[in-house]
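A structural walkthrough
Each chain, written out:
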Amino acid sequence: MRQDDKTLLTQLFQAAVAAADPAEALRGHLPARPKGRTVVIGAGKGAAQLAQAFEEAWDGPLTGVVVTRYGYAVPCRQLKVIEAAHPVPDAAGEAATREVLTALEGLTEDDLVVALITGGGSALLAAPPEELTLQDEQALNEALLSSGAPIGAMNAIRKQVSRVKGGRLAAAAAPARVVSLIVSDVPGDDPAEVASGPTVPGPARRADAMRAIRAWNIDPPERIMRFLETRPEDAPPPDDPAFARNEVRVIASASRSLEAAAALAGEYGIAAHILSDAMEGEARDVARAHAAIAREVRRRNRPFARPCLLLSGGETTVTLRGRGKGGRNTEFLLAFALAVEGCDGILALAADTDGIDGSEDNAGAFADAGTCAAMRAAGCDPADALAGNDAWTAFDACGHLFAPGPTGTNVNDFRAVLIR
C-alpha cells in the first residue's frame, strides 16, 4: 500500500469534511433577528459544532439546548449541550429531549426558533409516545439497525413512534417561526428524512410504516406493532397551518463534499468521477459493484481512463448475520478487498464523515489488492470476518484502520477509489 496514495485519499477525506464545516456551512444562512426571543434547538452528531458556530455568528441573545453523541460536545456560552447515546437511544437522550421540548414552551408569533439538525438525531431525540417506553424505542432501534433496511424505510417507522419526529417538534414550537438549518446525511438530501425530520414535516403515515415493515421483513417488538395498529393519527402533514411561516435550508450535503474532493483530486492531475451521492443497498453488494468498475478501469482502461478517482456517497446498510465489530464502511471495504485481491494499482478509502463508523473509534479503513493477504498473515480470515460482520477485527489485525476522530459534521459516507 503506497503511503503517498494513502496520504492523498486522506487529504480528499479532509476536503470533503471541510466542505461541510459548520462555520462555513452557516455562512449566508442566518435568519433575520426576530422582534421577540431567539431559541436554538438541535440534535445530531454535528449539532454541538453547529451550535458553537451559530453563537459566534449571531448578533444577539440566545437560549436553547442541543443534544449530541457522547464525546462530540464542544463548549458553548449561551446554549446548553447535552450528550446522549447513539445509535441506540438512552435515558440521557430522553431527558435531553424533554429539555428541548421545555425550551419551546410559551413562545409567541414574535419569537424565532432555529433548529440545527444533523444526522444521528433520530437516536439522540428519544421521546416515545405515552403508550410506549424508552425500552420500547430502544428495542425498535435495535430491530431496525439489524434489518438491513434503507434509511427511508427505517424513518417511516420511527416517525410513527415518537412525539418529536415527523415534524412534531416544529409543531410544538408554534406559533413561533421555525427556521431549520440542516446538514444532510441522507441519500437525495430530503430534509424531512434527516434525523427523521423533527422540524420538517413530510409524508409520514401509519400505512407507510406498515408497508416498510412488510417490504423489508422487519420484526418490530410486539408492543410497537400493537401501537402501530391502533395509533389514532398520523404525523402532521406539510400543509398544516402550524408550519406556514417555517423555513428549511439544507446548508451542507454529501454532494457538495464530493465535489470538493473531486476538485482537490483535479489539482493533483487525477480525473475524478462522482458515481453518485445517494448510493444505498447492502454494503457488501455496493462494494462489489465499485470493485467491478475499478477492475475494469485497471485492466481495460474503461469506462474511465487511468489514472482516475471514483467517488461516491450515500448510506449503505448492513444486515447483521454475526456478532462481530465494525460498521458499514469497514464492511464495504472488506468486501471490496476480497473483490480486488490480486489486482494491483487500486486503493480505496471508505469512511463516515462524522469520524466514527459503527461501534468503534475508527471512521473506516483503507483497502487494496494486498489487504486480504495481510489479514491472513495476521491470523484473520477475511471471508470468515465478512460472514460474521467482523470487519473491524480484520482491518485492525492488518493495521489498515482509518481513525481521524470526531469531525464535528456528518454528511454520511465518503468512498474514494484511486486507480493508478
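Residues numbered from 1 in each chain as written. Predicted model: local features only at pLDDT ≥ 70, side-chain atom pairs only at ≥ 80, totals over all residues. Heavy atoms only, no water.

The sites that carry the UniProt feature "domain: MOFRL-associated" (unreviewed entry) are, in the present numbering, residues 9-229. Spanning residues 9-229, this segment combines 39% helix with 14% strand, and its end C-alpha atoms are found 48 Å apart. (UniProt positions renumbered as here; feature names shortened; annotations may be inferred. Helix = DSSP H or I, 4+ residues; strand = E, 2+ residues; numbered from the N terminus.)

Our focus in this paragraph is the state of the cysteines. Here the structure, examined in full by the defined rule, presents zero disulfides. Cys380 forms no disulfide, and the closest cysteine sulfur to it belongs to Cys398, at a distance of 8.2 Å. (Disulfide = S-S within 2.5 Å.)

Now for the environment of Ala19. Note that Ala19 resides in the loop between helix 1 (3-18) and helix 2 (22-26). In this structure, the C-alpha to C-alpha distance between Ala19 and Gly364, residues 345 residues apart in sequence, is 19 Å. Apart from the residues lying within four places of it in its own chain, the contact partners of Ala19 are Arg256, Ser257 and Ala260. (Contact = heavy atoms within 4.5 Å.)

Following the UniProt record, one finds the feature "domain: MOFRL" (unreviewed entry) at residues 308-413. Span residues 308-413 is 32% helix and 21% strand, its end C-alpha atoms 20 Å apart.

A few words on the pattern of salt bridges. Here the idea is simple: oppositely charged side chains can pair when their charged atoms come close. Evaluated as defined, the whole model comprises 26 salt bridges. Between Glu282 and Arg321 there is a salt bridge, with the nearest N and O atoms lying 3.9 Å from each other. Pair noted here: Glu282 is in the loop between strand 7 (271-279) and helix 12 (283-300) and Arg321 is in the loop between strand 8 (308-314) and helix 13 (328-340), with a separation of 39 residues, a long-range link. The class of Arg321 is partly exposed, set by a relative accessible area of 47%. Residue Asp413 is joined to Arg415 by a salt bridge in which the shortest nitrogen-to-oxygen separation is 3.6 Å. Side by side, Asp413 and Arg415 carry an identical accessibility label, which is buried. Salt bridges here are not isolated pairs; linked through shared partners, they connect Glu315, Arg328, Asp352, Asp413 and Arg415. (Salt bridge = Lys/Arg side-chain N within 4 Å of Asp/Glu carboxyl O. Buried < 20%, exposed > 50% of the residue type's maximum accessible area, 1.4 Å probe, protein only.)

Our focus in this paragraph is the packing of aromatic side chains. Scanning the entire structure with this criterion turns up five aromatic pairs. Summarising the aromatic geometry, the rings of Phe13 and Phe414 are spaced 5.9 Å apart at their centres and angled 70° between planes, so their arrangement reads as edge-to-face. One end of the pair, Phe13, is in helix 1; the other, Phe414, is in strand 12 (residues 413-419), with 401 residues separating them in the sequence. With relative accessibility at 2%, the residue Phe13 sits in the buried group. One aromatic cluster is present, formed by Phe13, Phe366, Phe402 and Phe414 through successive ring pairs. (Phe/Tyr/Trp six-rings, centres within 6.5 Å; stacked < 30°, edge-to-face > 60°.)

At a minimum axis distance of 8 Å, the contact between helix 12 and helix 13 shows a crossing angle of 40°. Classified by the angle between their axes, helix 12 and helix 13 sit oblique to one another. The handedness of the crossing between helix 12 and helix 13 comes out as right-handed. Of the residues in helix 13, those touching helix 12 at Ala283, Arg284, Val286, Ala287, His290, Ala291, Ala294 and Arg295 are Arg328, Glu331, Phe332, Ala335, Phe336, Ala339 and Val340. Of the residues in the contact of helix 12 with helix 13, the class split is ten nonpolar, one polar and four charged. (Axes fitted to C-alpha atoms, helices over the stretch in contact; angles between N-to-C directions. Parallel < 35°, antiparallel > 145°, perpendicular 65-115°, else oblique. Left-handed = near helix turned anticlockwise from the far one by under 90°. Nonpolar A, V, L, I, M, F, W, Y, C, P; charged D, E, K, R; others polar.)

Over the atoms rolls a probe the size of a water molecule, and in doing so it shows where empty space is left. Approximately 1000 Å³ is the volume found for the largest pocket. Around the largest pocket, the lining comprises 50 residues; the ones closest to its centre are Pro87, Leu145, Gly327, Arg328 and Gly358. Residues belonging to the lining of the largest pocket are distributed by class as follows: 15 nonpolar, 21 polar and 14 charged. Three or more residues apiece are contributed to the lining of the largest pocket by two domains, here domain 1 (3-16 + 255-419) and domain 2 (31-238). Its boundaries defined by the atoms lining it, the second largest pocket holds a volume of some 180 Å³. As for the second largest pocket, its lining consists of twelve residues, of which Ser162, Arg168, Arg231, Glu233 and Asp234 are closest to the centre. Here the residues of the lining of the second largest pocket sort into five nonpolar, one polar and six charged. (1 Å grid on protein atoms, 1.4 Å probe; cavity = no way out; pocket = protein on both sides within 12 Å on 5 of 7 lines; lining within 4 Å. Points joined across faces, edges and corners; volume = space filled by probe spheres on them. Domains from an automatic or database assignment.)

Time to look at the nonpolar core. Counting 51 residues, the largest nonpolar core has Ile41, Leu104, Val113, Ile157, Leu169 and Leu228 as its most contacted members. The greatest single-element share of this core, amounting to five residues, is contributed by helix 7 (residues 151-158). If we skip the residues at most four places from it in the chain, Ile157 touches Leu140, Leu144, Ala209, Ala212, Ile213 and Ile218. (Core = buried A, V, L, I, M, F, W, Y, C linked by side-chain atoms within 4.5 Å.)

What follows concerns the sheet that holds strand 10 (residues 364-368). If you trace the six strands from one edge of the open sheet to the other, you get 7-8-12-9-10-11, paired in mixed fashion. Strand pairing shows two members of the sheet lacking a second neighbour, strand 7 and strand 11 (401-402), which therefore form its edges. Sheet contacts for helix 11 (residues 254-267): strand 7, strand 8 and strand 12; angle to strand 7, the most-contacted strand, approximately 170°. (Pairing = 2+ DSSP bridges.)

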